[in-house]
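Survey of secondary and tertiary structure
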Amino acid sequence: MSKNIIKTQAVKKTFEQGKIKVRALRGIDMEVKKGEFTAISGPSGSGKTTLLNMIGCLDNPTSGQVEVAGKEVSKMSKTQMANLRLHKIGFVFQAYNLVPVLTAFENVELVLALQGVDKKKRKKLCLDILEEVGLKELASRRPAEMSGGQQQRVAVARAVVAKPALILADEPTANLDSETGARLLEMMRKLNKDHNITFLFSTHDKMVMDYSSRLISLSDGMIKNDILKQQN
Amino acid sequence: MLLLKMAFRNLWRRKSRTILTMIAIGFSYGLLLFFVQFTTGSHEGMIDTGVRMQAGHVVVQAKGYSEERKITENISKPELVLQQIKEIVPDSNVAQRIFLTGSLSSSSGNTILDNLVGVKPAVEKKISQIPEKLIKGKFLSGTKGEIVIGATAAKLLKVDLGMKVQLSISDVNGNIKRSALRVRGIFKTGGLTVDRGYALISLKQTQELTKMDSAVTQLAIFTDLASSEKIASRLKTKLNTTELDVLHWRDAMPMLAQMLWVDTISMYVFLFIILGIVSAGILNTVLMSVMERTREFGVLKSIGMSPWRIFMLIMYEAVFTAIIAIFVGMILGLSLSYYLSIHGLDPAVFVEGEQGMEAAGIPMTNLMYSKVTLYSVVWTAISVIVLSVLSALPPSIRAFRIKPVKAVRDL
């Protein structure tokens, strides 16, 4: 049996907006095993973002427990959370969010540099992953000199390069046309299979849902459906 | 290394804003550097004029002479003290002087002398600025019966070169002594009271007229400004201080020292204002840049960059801005300062008309030179860098505190 990468127990999150209390998550219990390619879907306001923030160690739950890569997150300090994000989690954002002053190569290298990987090893790992996402030739380009699809591939390479336990991808295809989106998903699926990296998406995109091997639907801060599909 | 690279490249994201900030800081720094060097140089110039005319870098006089400046309070055996001084400070020039007050009269008028100075012409020529300021005639030759007077005194007495004037002074017993002297030279310093009331005669004649024998009222020691304090304290410990007073130029010319102190304070006030402008410039630019990049810092934190690294990134950006600006300012400040260290600035540009310029009884008409020193370049540059770090603190703390979850809204 595969090991759990994510485990949440009765996770609740309440925001206070002035005098109004918004209950974004009302008790989420879920487990994600290593190597899964899972999508979380649901309408706006269903709690997808909040749940991903908890799993991504960007926020603490009001109550309940979140475990990522075997570590209990809810009681961690900010520094411990930053450390866990650096070593265990990769992020792919909807708006690419590359560092504009760094080249594609340097954007990918940044995570490894922060981890303290030596320069020679960094170079090899970065060039390998850029080749894998098909961007080795564009390594010296800055984000502004690349298309949206190319930037998102760099973002994926940045997320994957340190071989994290988990990659959280927020609407990764939302800003891409369907053909580019499909190519990106294909690439992520391949990385998932080749390196056994767990992917967790939040998405509205049907194509992402189709590519995923498991689909969790949220509604009003609770899990409505959890469907494990046939492996592709 | 990657952090430094990021910081440097971030500077050029808003090129025009960064360049404008750098120009503002650079210009302020250049001005600051020039002002510091010019003030230092002009102060040294004034001290130099002061010590040459009225005192020395260090002055030795009889105990109690300062109080009323009576000629009865004198150094009776100056040669002995001179020998001792030469042993302690071998490479110095020592002038023996007698300072008196008196009056000069001619058939057409008279004038009071505030400072009639009896000097050894050969020694004084090496030290005094009067020989350079002669507009007519020559400096004292050492022969009896000569006097060198100022242009205003000559005008009041309606005398010219070679003409006779009558000098009246008191001797050590309080008796009035008169002597007829011939005008050997007329000087013009530009200082009103100096040109009217400062005159030089030979030491020997002064001693004869005042019945002081070989006594003098002042032994003025000339070395260099920088080591004057050390020399003064060395002399204080070695000379017989029960009979003698050893004074540093600051104590010998307290008015001048005080004036320079006030001027130095106003320089620091000016520096403070300039540094305030620099600080506001850096704070504004860095704060704007941090606020524009809230989201980016959120992303960097999301991918695992620690708050401290973000903090340092902002700090590096501020320090880089300051360093580049300092180089620009250095070119400006040093060029101006260097030019004025060679050519000098005529203080007449500050004064209208023919009025004489004087401060604490010292003419201020010499060219004012700037003094280029590495020390002033370094300390002003370090001040600007330290200030830029301090100014960048609030925005850096802001970036440090950015919560990734708020910054990356759409995750």
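None of the values given here were measured: they were computed from a predicted structure.

What counts, and where the lines are drawn
- Residues numbered from 1 in each chain as written.
- Chains lettered and ligands numbered in written order.
- Predicted model: local features only at pLDDT ≥ 70, side-chain atom pairs only at ≥ 80, totals over all residues.
- Helix = DSSP H or I, 4+ residues; strand = E, 2+ residues; numbered from the N terminus.
- Rg over C-alpha atoms; globule rule 2.2 N^0.38 Å.
- Buried ≥ 20, exposed ≤ 12 C-beta atoms within 10 Å, placed from the backbone.
- Contact = placed C-beta atoms within 7 Å.
- Pairing = 2+ DSSP bridges.
- Axes fitted to C-alpha atoms, helices over the stretch in contact; angles between N-to-C directions.
- Parallel < 35°, antiparallel > 145°, perpendicular 65-115°, else oblique.
- Left-handed = near helix turned anticlockwise from the far one by under 90°.
- Nonpolar A, V, L, I, M, F, W, Y, C, P; charged D, E, K, R; others polar.
- Domains from an automatic or database assignment.

Turning next to the overall build of chain B. Along its length, chain B carries 16 helices and twelve strands. Taking 2.2 N^0.38 as the reference for a compact globule, 411 residues should give roughly 22 Å; the C-alpha atoms of chain B span a radius of gyration of 30 Å, well beyond that estimate. The dimensions of chain B, computed from C-alpha atoms along their principal axes, are 105 × 50 × 30 Å. Out of the 411 residues in chain B, the part that is buried amounts to 44%. Residue pairs at least 24 apart in sequence account for 82% of intrachain contacts in chain B once pairs closer than 6 positions are excluded.

Our next topic: the sheet that holds strand β9 (residues 214-219) of chain A. Residues and elements named next belong to chain A. Taken in spatial order, the six strands line up as β6-β7-β8-β3-β9-β10 in an open sheet, and their pairing is mixed. Of all the strands in the sheet, just β6 (89-92) and β10 (222-228) have a single pairing partner and so form its edges. Strand after strand, the sheet turns through a mean of 20° between neighbouring axes, direction not considered. Examined bridge by bridge, β9 and β10 share six bridges and lie antiparallel to one another. Across the sheet, the residue bridging to L218 is I223, located in β10.

Here the focus is the environment of B:R97. Residues and elements named next belong to chain B. By the element assignment, R97 lies in strand β2 (residues 93-106). Taking the C-alpha atoms as reference points, R97 and P78, 19 residues apart in sequence, are found 10.0 Å from one another. Apart from the residues lying within four places of it in its own chain, the contact partners of R97 are V117, G118, V119, V216, T217, Q218 and A220.

Residues and elements named next belong to chain B. Running from N to C, helix α12 (residues 254-292) and helix α14 (residues 307-343) point in directions that differ by 140°, and their axes come no closer than 11 Å. Comparing their axes, α14 and α12 come out oblique. For the pair α12 and α14, the crossing hand works out as right-handed. The residues of α14 that touch α12, namely those facing I282, T285, V286 and V290, are I314, E317, A318, T321 and A322. Per-class residue counts for the contact of α12 with α14 are six nonpolar, two polar and one charged.

The next subject is the pairing of strand β2 (residues 20-33) of chain A. All names here are of chain A. As paired elements, strand β1 (residues 4-17) and β2 share eleven bridges and run antiparallel to each other. Counterpart to I6 in the pairing with β2 is V32. Linkage of β1 to β2, two consecutive antiparallel strands, is achieved through a turn of two residues, within which G18 is found at a positive phi near 70°.

Take the domain arrangement of chain B next. All names here are of chain B. Along its sequence, chain B is organised into domain 1 (2-49 + 257-407) and domain 2 (59-249). Look at where the C-alpha atoms of domain 1 and domain 2 centre, and you get two points 47 Å apart. Tallying the contact residues gives ten residues for domain 1 and ten residues for domain 2. At the level of secondary structure, the elements contributing two or more residues to the side of domain 1 that touches domain 2 comprise α2 (15-53) and β12 (362-363). Per-element accounting of the side of domain 1 that touches domain 2 gives the leading share, three residues, to α2. Tallied by class, the residues present in the side of domain 1 that touches domain 2 amount to four nonpolar, four polar and two charged.

With that out of the way, let us pick up the interface of chain B and chain A. Taken together, the contact between chain B and chain A spans 18 residues of the former and 25 residues of the latter. Of all the secondary structure elements, the ones that give two or more residues to the side of chain B that touches chain A are α1 (2-11), α13 (294-302) and α16 (404-407) of chain B. Each residue belonging to the side of chain B that touches chain A can be placed in one class, and the counts come to nine nonpolar, four polar and five charged.

The next point concerns the sheet that holds strand β5 (residues 71-72) of chain A. Residue and element names in this part refer to chain A. Across the sheet, four strands lie side by side as β2-β1-β4-β5; this open sheet has antiparallel pairing. Two strands close off the open sheet at either side, each with one partner strand: β2 and β5. Judged from the two bridges that link them, strand β4 (residues 63-68) and β5 form a sheet pairing that is antiparallel. Across the sheet, residue E67 finds its bridge partner in β5, namely E72.

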